[in-house]
Amino acid sequence: MHRFSAALAVIALVAFTTPLSASAEDIDANTTMSTSTTEVATPAGDMFVATTSSSTPPGTTTNLGPVPVSSTTTTPPTTTTSTTTTPPTTSTTTTSTTTSVAIAAVPEGPDPCRTACIVGGLVLDQWHLDAIGVDTPLSAQGESIAVIDSGIDLDHPDLAGLVRRSDCSPGEAFDLDHGTAIAGLITAIGNDARGLAPLVEGVEIVDIPVFAEVDGELLASPAAVAAAIRCAVTEEVSVINLSIANQCSGLEEVEQAIEAALDAGVVIVAAAGNHRAEAFVCPAAFDGVIGVAAADSAGTPITSLASASVVAPGRSVLTAGTVAGRPQTTRSGSSFATAIVSAAASAILAQNPDWSPQRVAVHLNTISHRSVDEGKHLDLSFLGQPLPAVQVLGGDGAIRAVGDVVSVASVDSVHQAATAAAISCSGGWTVDRLGRLQTVGAAVFHGDLSRYDLAADIVGIESTPSGRGYWLVGADGGVFAFGDAGFFGSLGGVDLGASVVDIVSSPSGAGYWIFASDARVFAFGDATYQGGLRVGVLAAAPFGSGYALLVPEGAIVLPRLRFVASPRDEVPIDLVEIDGAIWFLYPSGDIVSADGASTLEASPAQAVARAHQSVDCSR
């Protein structure tokens, strides 16, 4: 799981235990606003614990902002009967009856809390929507989010008709405050001239209460949480929101339920806690879960990042409340930042229904990292739009994903002597100079050269388009085919006068090019010669229907001969095509676009050796 730092701590149902100052700019529900479910940072053993507190300040006036007024006039029914009798002919005339029925006007217009509404005597707004770049509600049409929590007020004026309670819920809806606040940050009835504006619209919220009342406390056992997760999968939801957390020990059943949900294609988002310590909490720290930390209005994280992969607004955010006569309130904590990220995940899935939970997690992580690095909030303005993605082989022999892509390798897949790598959607292969091959991910081993005494070091590996085979090439031009890779010829035994540096497959896989350090290009099979130059070549990469040669000053693209200058003074060590453009890899680990405007960062400590364009292996 991608993390911002190295650790996190313990929570339950979360809002700060220490009240924040109450002012027009920063007001916290736990001080003056409403009944609140307070998330505690107390280890609870094998139980998730939620405590509740109510405070309604005396002498407080309530102004709900613009309230649509319905004007209806009712006219009582009137009947007039006129009868005239003229013998011997009788004529009777009966008048009609008219009834006016009162019909309530349907409120319509901008949601006042989007820009300003009065709550508890203070003028407040949904500042977090501007902070994350949402001018109009994001579409999550057809998606559903399970809120596993304390329960939701199904009749809340901002939520009525948008929430349904599941029949398989393992708990009871004892205290609706926390769950209602979570739901109000996800969606609301839009354009009704009252209350909250929705972050996403078209989404269904499935209410799954998980707590039981024991001696005045709301308690949820790991077994109940696991049952709630299984319930959510049964409900066929797209996203599960878990604004609860605890110590990671003793939660094996919860972890197993999460793994099953991820396998079923459900995205899981969990609160990363309200403490600032460097200890992990779960479920946020479990593999595959999107852990969320909270940030203030300046975009500064205010809760621990240890179990977090995403940071979202979470201080004094305006949402749905449960105090009578006051349907809005402000809340603070990672619970509420989690709700925002769950909503974002549902919008991603609406745009990209074939994305896996891992793909959604990486995309949100990439967006969040970029936002944090720039001192901004989670920027959802380009939500669901794939960003540059590369798989890199580091000098430490590990393959890592850089940018917006799911890694094909686990973090512990290391081939320390590896000098080259090939990537496919099933995983990848690394090879060292002696031809010893190691698989990563789900890639299949089809053989290597470990039993042979080679005439020259192995310098390159290339996978077939199907991902079911690969070629190895030696410095002398010898080619070795494995799996469904066909052998179309080699340069073994030919005195080249230069070393071979790379091999690239033709688009069909029915041929390949071999590249020598002096820029000579040798075509085999259906790979056609595109041209070459007498310059020193460091590496090669496929580019369009041809190839690009890496030289110390940049890249030469063929068959349409053009030179692409390196944007940095240092000599690049590899190149890759991303969306029809050349990107250069440098010893620092930076992967930089040719215009120098964009950079993907790998850790300099990785001493990156090679880069590969990433096929979208995340679905």
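Everything below is about the structure shown above.
Keep in mind it's a predicted model, so treat the numbers as computed, not measured.

J.: Give me the lowdown on the packing of helix α3 (residues 177-186) against helix α6 (residues 334-351), citing residues and values where you can.
T.: Interaxial distance between α3 and α6 falls to 8 Å at its minimum, and their mutual angle equals 40°. By the criterion of interaxial angle, the relationship of α3 to α6 is oblique. As α3 runs across α6, the sense of the crossing is right-handed. Where α3 approaches α6, its residues H178, A181, I182, L185 and I186 are matched on the opposing element by S335, F336, A339 and A343. Considered class by class, the residues forming the contact of α3 with α6 number 7 nonpolar, 2 polar and no charged.

J.: Break down the side chain of S169 for me, citing the residues and quoting the values.
T.: With respect to the element layout, S169 can be found in the loop between β9 (163-165) and α3. According to the relative accessible area criterion, S169 is buried, its value standing at 19%. Ignoring anything within four residues of it in the chain, the contact list for S169 reads D207, I208, P209 and C231.

J.: Before we move on, could you go through the pairing of strand β30 (residues 521-525) and cite the residues and values that matter?
T.: Looking along a regular strand, one sees the side chains alternate between the two faces of the sheet. Taken together, the 5 bridges between strand β29 (residues 511-516) and β30 define a ladder with antiparallel strand orientation. By the bridge assignment, Y512 is partnered in β30 with F524. In this structure, the hairpin formed by β29 and β30 is closed by a connection of 4 residues, where A519 is found at a positive phi of approximately 80°.

J.: Outline the pattern of salt bridges, supporting the account with residue identities and numerical values.
T.: Counted under the stated rule, the structure contains 12 salt bridges. Where D130 meets R114, a salt bridge forms, and the shortest distance between an N and an O atom there is 2.8 Å. One end of the pair, D130, is in helix α2 (residues 127-131); the other, R114, is in the loop between β4 (89-94) and β5 (117-119), and 16 residues separate them in sequence. D457 is the partner of R433 in a salt bridge, and the nearest nitrogen-oxygen pair spans 3.4 Å. Placement of the pair is R433 in the loop between β23 (427-431) and β24 (437-441) and D457 in the loop between β24 and β25 (458-463), with a sequence separation of 24 residues. Overall, R433 belongs to the partly exposed group, its relative accessible area being 45%. Given a relative accessible area of 35%, D457 falls into the partly exposed group.

J.: I'd like a description of the sheet that holds strand β31 (residues 539-543), backed by residues and values.
T.: Strands pair in a sheet through their backbones, by hydrogen bonds, and they do so in one of two ways: parallel or antiparallel. Taken in spatial order, the 4 strands of this open sheet run β31-β32-β33-β34, and their pairing is antiparallel. In this open sheet, the two strands that pair with only one neighbour each are β31 and β34 (562-565). Direction aside, neighbouring strands of the sheet carry axes that sit 25° apart on average. As paired strands, strand β32 (residues 546-551) and strand β33 (residues 554-558) are joined by 5 bridges and run antiparallel to one another. Counterpart to L549 in the pairing with β33 is I556.

J.: Go over the pairing of β34 with me, naming the residues and quoting the values.
T.: Bridge count for β33 against β34 is 4 bridges, and the pairing is antiparallel. Directly across from I556, in β34, lies its bridge partner F563. Counting the residues in the hairpin turn of β33 and β34 gives 3 residues.

J.: Describe the packing of aromatic side chains, listing the residues and the values that go with them.
T.: Tallying each qualifying case throughout the model produces 7 aromatic pairs. On the basis of an interplanar angle of 50° and a centroid distance of 5.1 Å, the ring pair of W429 and Y470 is categorised as tilted. Here the residue W429 occupies a position in strand β23, and Y470 occupies one in strand β26 (residues 469-474), the gap between them amounting to 41 residues. With relative accessibility at 0%, the residue Y470 sits in the buried group. On the numbers, 5.2 Å between centres and 70° between planes, the contact of W513 with Y547 is edge-to-face. Placement of W513 in strand β29 and of Y547 in strand β32 is noted, with a sequence separation of 34 residues between them. Overall, W513 belongs to the buried group, its relative accessible area being 2%. Residue classification places Y547 among the buried residues on the basis of a relative accessible area of 0%.

Definitions and cut-offs
- Residue numbers run consecutively from 1 along every chain, following the written order of its sequence.
- Under the rules for a predicted model, residues below a pLDDT of 70 receive no local features and side-chain atom pairs below 80 are neither given nor counted, while totals for whole chains, interfaces and linings still include all residues.
- To get the side-chain values, take all heavy atoms of the structure and skip hydrogens and water.
- To get an axis, a line is fitted to the C-alpha atoms, and for a helix only the part in contact is used. The angle between two axes follows their N-to-C directions and goes from 0 to 180 degrees.
- Helix numbering and strand numbering both begin at the N terminus, where a helix is a DSSP run of H or I of at least 4 residues and a strand a DSSP run of E of at least 2.
- For classification purposes, an angle smaller than 35 degrees is called roughly parallel, one larger than 145 roughly antiparallel, one from 65 to 115 roughly perpendicular, and anything else oblique.
- For any pair of crossing helices, the crossing counts as left-handed if the nearer helix is rotated counterclockwise from the farther one by less than a right angle, and right-handed if it is rotated clockwise.
- A contact between two residues is defined here by any heavy atoms of the two lying within 4.5 Å.
- Under the scheme applied, nonpolar residues are Ala, Val, Leu, Ile, Met, Phe, Trp, Tyr, Cys and Pro; charged residues are Asp, Glu, Lys and Arg; polar residues are all the others, including Gly.
- Residue burial is assigned from relative accessible area. The probe radius is 1.4 Å, only protein chains are included, and a residue is buried under 20% of its type maximum, exposed over 50%, and partly exposed in between.
- Paired strands, in this sense, are two strands between which DSSP finds at least two bridges.
- Take a side-chain nitrogen of Lys or Arg and a carboxyl oxygen of Asp or Glu: if they are within 4 Å of each other, that pair is a salt bridge.
- Ring pairs shown here join Phe, Tyr and Trp side chains whose ring centres sit within 6.5 Å, with only the six-membered ring taken for Trp; geometry is labelled stacked below 30 degrees between planes, edge-to-face above 60, and tilted in between.

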